[in-house]
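# Structural description and commentary
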Amino acid sequence: MPAVREAARDELKGFDVATMLEMFENVSPEVCLRAGRLIRKIDPDCFDKLRQELESPIRSRKIRAARAAQLLGMQNEIQSSLLPFLDDKDPLIRRTGISALASVRSSETIQALAALLEDEHPRVREEAAHALSNLQTVQ
């Protein structure tokens, strides 16, 4: 019911993406996934808020947002904001992007990961190969 949904959102409005960005590293992956499902219900703008963090010019904020997206189980919904990570000049950002997209089975992700098999950094190549292998195994 819309009235009940609004009342619940009003009561839980402090529980949002920003809150989880501050605490996701201190809770178990299972709790993060459950929190991600709950945030989707509470905050209709959660994906936009997460995208803003992913587009931050500050490296640490970008990385934290990508890791949170993965643990919150939101990587499929924000794939378009994670794909640019794979083209970043910073190898750590590329590796973070690989990790966040490693479970996203789409042609765009697979093509972008395959391109990283030729990356200049060995760890980026290794992680891309591992992610592609996992995507092919799970299908």
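Structure: see above.
These remarks concern the structure in this document. Starting from 1, residues in each chain are numbered consecutively following that chain's sequence as written. This being a predicted model, a pLDDT of at least 70 is required before a residue's local features are given, and a value of 80 or more before pairs of side-chain atoms are given or counted; all residues contribute to the totals for chains, interfaces and linings. Just so you know, side-chain values use all the structure's heavy atoms and leave hydrogens and water out.

## Let's talk about the side chain of Ser56
Secondary structure elements follow DSSP: runs of H or I no shorter than four residues count as helices, runs of E no shorter than two count as strands, and numbering proceeds from the N terminus. One can find Ser56 in the loop between helix H4 (46-54) and helix H5 (59-71). Whenever a nitrogen or oxygen atom comes within 3.5 Å of another N or O atom, the pair is scored as a polar contact, on the condition that within protein one atom can donate a hydrogen and the other can accept it, and that pairs from neighbouring residues in sequence are kept only if both atoms are in side chains. Separated by 3.0 Å, the side chain of Ser56 and the backbone nitrogen of Ile58 make a polar contact. Ignoring anything within four residues of it in the chain, the contact list for Ser56 reads Arg61 and Lys62. Contact between two residues is taken to exist if any of their heavy atoms lie within 4.5 Å; hydrogens are not considered.

## Observations regarding the side chain of Asp90
Among the structural elements, Asp90 can be located in the loop between helix H6 (79-82) and helix H7 (91-101). For each residue, the accessible area found with a 1.4 Å probe, counting protein chains only, is set against the maximum for its type, and the residue is called buried under 20%, exposed over 50%, and partly exposed in between. Given the relative accessible area of 17%, Asp90 is considered buried.

## Topic: the state of the cysteines
By disulfide we mean two sulfur atoms from cysteines, separated by a distance within 2.5 Å. One pass over the full model with this rule turns up zero disulfides. Left without a disulfide partner, Cys32 is nearest to the cysteine sulfur of Cys46, which lies 14 Å away. With a relative accessible area of 0%, Cys32 lands in the buried category.

## Here's the deal with the packing of H5 against H7
In this description, a line fitted to the C-alpha atoms serves as the axis of each element, helices being fitted only across the stretch in contact, and the angle between N-to-C directions of two axes falls anywhere from 0 to 180 degrees. Between H5 and H7, whose axes approach to 9 Å, the crossing angle comes to 15°. With respect to their mutual orientation, H5 and H7 come out roughly parallel. By crossing handedness, the relation of H5 to H7 is classed as left-handed. For the pair H5 and H7, the contacting residues are Arg59, Lys62, Ile63, Ala66, Arg67 and Gln70 in the first and Leu92, Ile93, Thr96, Ser99 and Ala100 in the second. Residues are grouped as follows: nonpolar covers Ala, Val, Leu, Ile, Met, Phe, Trp, Tyr, Cys and Pro; charged covers Asp, Glu, Lys and Arg; every other residue, Gly included, is treated as polar. Residues that form the contact of H5 with H7 fall into these classes: five nonpolar, three polar and three charged. What sets the label is the angle itself: under 35 degrees gives roughly parallel, over 145 gives roughly antiparallel, 65 to 115 gives roughly perpendicular, and the rest give oblique. In this scheme the handedness of a crossing depends on how the near helix is turned from the far one: anticlockwise by less than a right angle means left-handed, clockwise means right-handed.

## Focus on the pattern of salt bridges
Each salt bridge in this description consists of a side-chain nitrogen of Lys or Arg and a carboxyl oxygen of Asp or Glu lying within 4 Å of one another. Evaluated as defined, the whole model comprises ten salt bridges. Here Asp48 ties to Arg51 by a salt bridge, and the two come within 3.3 Å at their closest N and O atoms. Of the two residues, Asp48 and Arg51 both sit in helix H4, three residues apart, roughly one turn of that helix. Note that Arg64 and Glu53 form a salt bridge whose closest N and O atoms lie 3.8 Å from each other. Remark: Glu53 occurs in helix H4 and Arg64 occurs in helix H5; sequence separation between them is eleven residues. Note on Glu53: relative accessible area 15%, which makes it buried.

## Structural notes on the packing of H4 against H5
What describes two packed helices is the angle between their axes and the distance between those same axes. Two numbers describe how H4 lies on H5: the axes approach to 7 Å, and their chain directions differ by 140°. With respect to H5, the axis of H4 lies oblique. Between H4, through Leu50, Glu53 and Leu54, and H5, the contact on the second element is made entirely by Arg61, Lys62, Arg64, Ala65, Ala66 and Ala69.

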